[in-house]
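Per-entry structural report
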Amino acid sequence: MTGRKLDEIDEYLAAAKLGLDKWDLFLNLGLAYLSRNDEPNAIKALQTAVLLGPSHPEAHFNLAIAYEKDNRLR
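The structure presented is a predicted model; accordingly, all values stated were derived computationally and were not measured.

It is worth spelling out the nonpolar core at this point. Leu-29, Tyr-33, Ala-42, Leu-46 and Ala-66 are the most contacted members of the largest nonpolar core, which has 20 residues in total. At the level of secondary structure, the elements contributing two or more residues to this core comprise α1 (5–17), α2 (23–35), α3 (39–52) and α4 (57–69). Here the element with the most residues in this core is α2; it accounts for eight residues. When neighbours within four sequence positions are excluded, Leu-46 is seen to be in contact with Phe-26, Leu-27, Gly-30, Leu-34, Asn-62, Leu-63 and Ala-66.

Okay, here's the thing in structure tokens:
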């Protein structure tokens, strides 16, 4: 929220490297990537969010947005 998306991404990646595997970590990581127009990394993170939290619609919704921004959604 402070506009320091690279720092935010680094923190999420560090948490994942330490073994944190919560769906919302990967949702937030994907959203941070999307805010930087990095669709390939956003898609990877959001796919992980969907796999870890399949009952959370926001993970599916944001993955669809990432697919659309990357011209993968027909």
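For α4, built from 13 residues, the straight-helix expectation of 18 Å at 1.5 Å per residue is met to within 8% by its first-to-last C-alpha distance of 18 Å. For α4, the complete set of buried residues consists of Ala-59, Asn-62, Leu-63 and Ala-66. Down the axis, α4 shows its buried residues gathered within 105° of arc, on one side only. In α4, those exposed residues whose orientation departs by more than 90 degrees from the buried face are Pro-57, Phe-61 and Glu-68. Residues of α4 that are buried in the fold lie against α2 and α3. Asn-71 sits one or two residues past α4 and shows a positive phi near 60°.

This brings us to the environment of Asn-71. Within the secondary structure layout, Asn-71 lies in the segment after α4. The exposure class of Asn-71 is exposed, given its relative accessible area of 70%. Considered as a pair, Asn-71 and Glu-39 are 32 residues apart in the sequence and their alpha carbons are 9.7 Å apart.

With respect to the helices and strands, the residue Glu-39 is situated in helix α3. Given a relative accessible area of 11%, Glu-39 falls into the buried group. Excluding residues that lie within four positions of it along the chain, Glu-39 makes contacts with Leu-34, Ala-66, Lys-69 and Asp-70.

Counted under the stated rule, the structure contains four salt bridges. We note a salt bridge from Asp-7 to Arg-4, for which the minimum N-O separation is 2.9 Å. Residue Asp-7 is classed as partly exposed on the basis of its relative accessible area, which comes to 37%.

The rules we used
- Residues numbered from 1 in each chain as written.
- Predicted model: local features only at pLDDT ≥ 70, side-chain atom pairs only at ≥ 80, totals over all residues.
- Heavy atoms only, no water.
- Core = buried A, V, L, I, M, F, W, Y, C linked by side-chain atoms within 4.5 Å.
- Buried < 20%, exposed > 50% of the residue type's maximum accessible area, 1.4 Å probe, protein only.
- Helix = DSSP H or I, 4+ residues; strand = E, 2+ residues; numbered from the N terminus.
- Contact = heavy atoms within 4.5 Å.
- Expected span 1.5 Å × (residues − 1).
- Arc of directions from axis to C-beta.
- Salt bridge = Lys/Arg side-chain N within 4 Å of Asp/Glu carboxyl O.

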